[in-house]
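Residue-level structural notes
Given next are the chains, with one letter for each unit.
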Amino acid sequence: MTAGGVAVAGERLFQRVVDHVQDAIASGELKPGDRLPSERELVEQFGIGRASVREALRVLENMHLVKSRPRDPRGPLVLPLSVEPVRRSVAMLTSGGAWGLAELVQFRMIADAAANLLAAARRTDEQLLALERNMARMRACLHRGYAEFSRADLEFHELIAEAGGNPLVQVYGDVTREAILKLIQQTILDADDQTALMLQSIRHHRAVFAAISERDGLLASRLARETLYAYYADYVSPADREIMADLVRECGGRLPG
């Protein structure tokens, strides 16, 4: 946009509105529950056409930042911040081949180790009880198939991340686990003995639970890396397997065998 207000060729006018709203949310000027100006007011405020304003609102809705209803005189609603854009970005990078199983597992070894360490320090008795109930559901799922078991498995890690109290560890750990599951689930579903895999998972979860219960953060952290190595080392290249082994050794862990 020039000083005189004339649009530069090729400039996407709707982006001015998108950038303004993003900046206002990031600075705290706009908070969940606030309203943006109406379409007509945005047209006047930014000096752009109604079509550009509507395109900006579509983009902001796709980013899960606002919710807009046609002809709503109150203006679009600012939504609570969502992890959906992060989840969508990770899914796109994974499905597009930019990130593979090895990169995701290596990151998860770091994130889950941190989540376990934090949970051991910060967990409450109520959160321990929630983990116990989750493990009971996992045992009940042994006869219901791996798909249902995997949902309980994901919940176990979500509960630990929540107990750890660090939202960044929680968000990125969650989306990484989901991405890994999508990549590896069919391989597990095709396995000859799914029950053995599920029992192995329950044993590992029980050990992590015990460490968190005793507030032994270093042990809980080490178990995360050892367990992930045991699960996924056979599915990655030798070079990536060695990196995973180094992550285990770094925390004093032991490799299988």
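Everything quoted here is computed from the prediction, not taken from an experiment.

Re the overall build of the chain
- Counting its regular elements, the chain contains eleven helices and two strands.
- The order of helices and strands in the chain, counted from the N terminus, is α-α-α-β-β-α-α-α-α-α-α-α-α.
- Against the 2.2 N^0.38 benchmark of 18 Å for 257 residues, the chain shows a C-alpha radius of gyration of 23 Å, more extended than a compact globule.
- Along the first, second and third principal axes, the C-alpha set of the chain runs to 70 × 40 × 35 Å.
- For the chain, the proportion of its 257 residues judged to be buried stands at 38%.
- Of all intrachain contacts in the chain linking residues separated by at least 6 positions in sequence, the fraction that spans at least 24 positions is 67%.
- Of the roughly 14,200 Å² that the chain leaves accessible, carbon and sulfur atoms contribute 53%.
- When the 32 basic and 35 acidic side-chain charges of the chain are each reduced to a single mean position, those positions are 4 Å apart.

Comments concerning the side chain of histidine 205
- Note that histidine 205 resides in helix α9 (residues 194-213).
- For histidine 205, a relative accessible area of 5% puts it in the buried group.
- Not counting the four nearest positions on each side in its chain, histidine 205 is found in contact with Met135, Met138, Asp153, Phe156 and His157.

As for the layout of surface pockets
- What the largest pocket holds in volume is close to 500 Å³.
- Taken together, 30 residues form the lining of the largest pocket, with Tyr146, Asp153, Ser201, Tyr231 and Tyr232 sitting closest to its centre.
- Among the secondary structure elements, those contributing two or more residues to the lining of the largest pocket are α5 (101-122), α7 (146-164), α8 (167-189), α9 and α10 (217-232).
- Residue classes in the lining of the largest pocket are distributed as 17 nonpolar, eight polar and five charged.

With respect to a nonpolar patch on the surface
- Together, Phe107, Leu168 and Tyr172 make up a nonpolar patch on the protein surface, roughly 300 Å² of accessible area in all.
- With respect to the secondary-structure elements, leucine 168 resides in helix α8.

A look at α10
- Its 16 residues give α10 an end-to-end C-alpha distance of 23 Å, which sits within 8% of 22 Å, the value for a rise of 1.5 Å per residue.
- Three or more residues of α10 are buried, namely Gly217, Ala220, Ser221, Leu223, Ala224, Arg225, Glu226, Thr227, Leu228, Tyr229 and Tyr232.

Side note on the pattern of salt bridges
- For the structure shown, the criterion picks out 14 salt bridges.
- Glutamate 226 is paired through a salt bridge with arginine 222; the nearest N and O atoms lie 3.6 Å apart. With glutamate 226 and arginine 222 both in helix α10, this residue pair falls four residues apart, about one helical turn.
- By relative accessible area, which is 25% here, arginine 222 ends up partly exposed.
- When salt bridges with common partners are traced through the structure, they connect Arg108, Asp112, Asp174 and Arg177 into a single cluster.

Brief notes about the nonpolar core
- Counting residues in each nonpolar core, the largest one holds 25 residues, and the members touching the most others are Leu131, Met138, Phe149, Phe156, Ile160, Val208 and Ile212.
- Where this core is concerned, the elements lending two or more residues are α5, α6 (125-140), α7, α9 and α10.
- Sort the elements by how many residues they give to this core and α7 lands first, with seven residues.
- Setting aside its immediate chain neighbours within four residues, phenylalanine 156 contacts Leu131, Asn134, Met135, Met138, His205 and Val208.
- Counting residues in hydrophobic clusters, the runner-up holds 19 residues, among them Ala179, Leu228, Ala245 and Leu247.

Topic: the packing of aromatic side chains
- Under the defined criterion, the tally for this structure stands at two aromatic pairs.
- Where tyrosine 146 meets phenylalanine 149, the ring centres are 6.1 Å apart and the plane angle is 35 degrees; that geometry is what we call tilted. Residue tyrosine 146 and its partner phenylalanine 149 are located together in helix α7, separated by three residues, close to a single helical turn. Across the pair, phenylalanine 149 and tyrosine 146 agree in class, each one buried.
- Ring geometry for tyrosine 231 and tyrosine 232: centres 6.0 Å apart, planes at 80 degrees, overall edge-to-face.
- Owing to a relative accessible area of 22%, tyrosine 231 belongs among the partly exposed residues under this scheme.

The rules we used
Residues numbered from 1 in each chain as written. Predicted model: local features only at pLDDT ≥ 70, side-chain atom pairs only at ≥ 80, totals over all residues. Heavy atoms only, no water. Helix = DSSP H or I, 4+ residues; strand = E, 2+ residues; numbered from the N terminus. Rg over C-alpha atoms; globule rule 2.2 N^0.38 Å. Buried < 20%, exposed > 50% of the residue type's maximum accessible area, 1.4 Å probe, protein only. Contact = heavy atoms within 4.5 Å. Areas by Shrake-Rupley, 256 points an atom, 1.4 Å probe, with all protein chains shown as cover. Lys, Arg positive; Asp, Glu negative; His and termini not counted. Charge placed at Lys NZ, Arg CZ, Asp CG, Glu CD. 1 Å grid on protein atoms, 1.4 Å probe; cavity = no way out; pocket = protein on both sides within 12 Å on 5 of 7 lines; lining within 4 Å. Points joined across faces, edges and corners; volume = space filled by probe spheres on them. Nonpolar A, V, L, I, M, F, W, Y, C, P; charged D, E, K, R; others polar. Patch = residues over 30% accessible without salt bridge, like charges linked within 9 Å, V, L, I, M, F, W, Y side chains within 5 Å. Salt bridge = Lys/Arg side-chain N within 4 Å of Asp/Glu carboxyl O. Expected span 1.5 Å × (residues − 1). Core = buried A, V, L, I, M, F, W, Y, C linked by side-chain atoms within 4.5 Å. Phe/Tyr/Trp six-rings, centres within 6.5 Å; stacked < 30°, edge-to-face > 60°.

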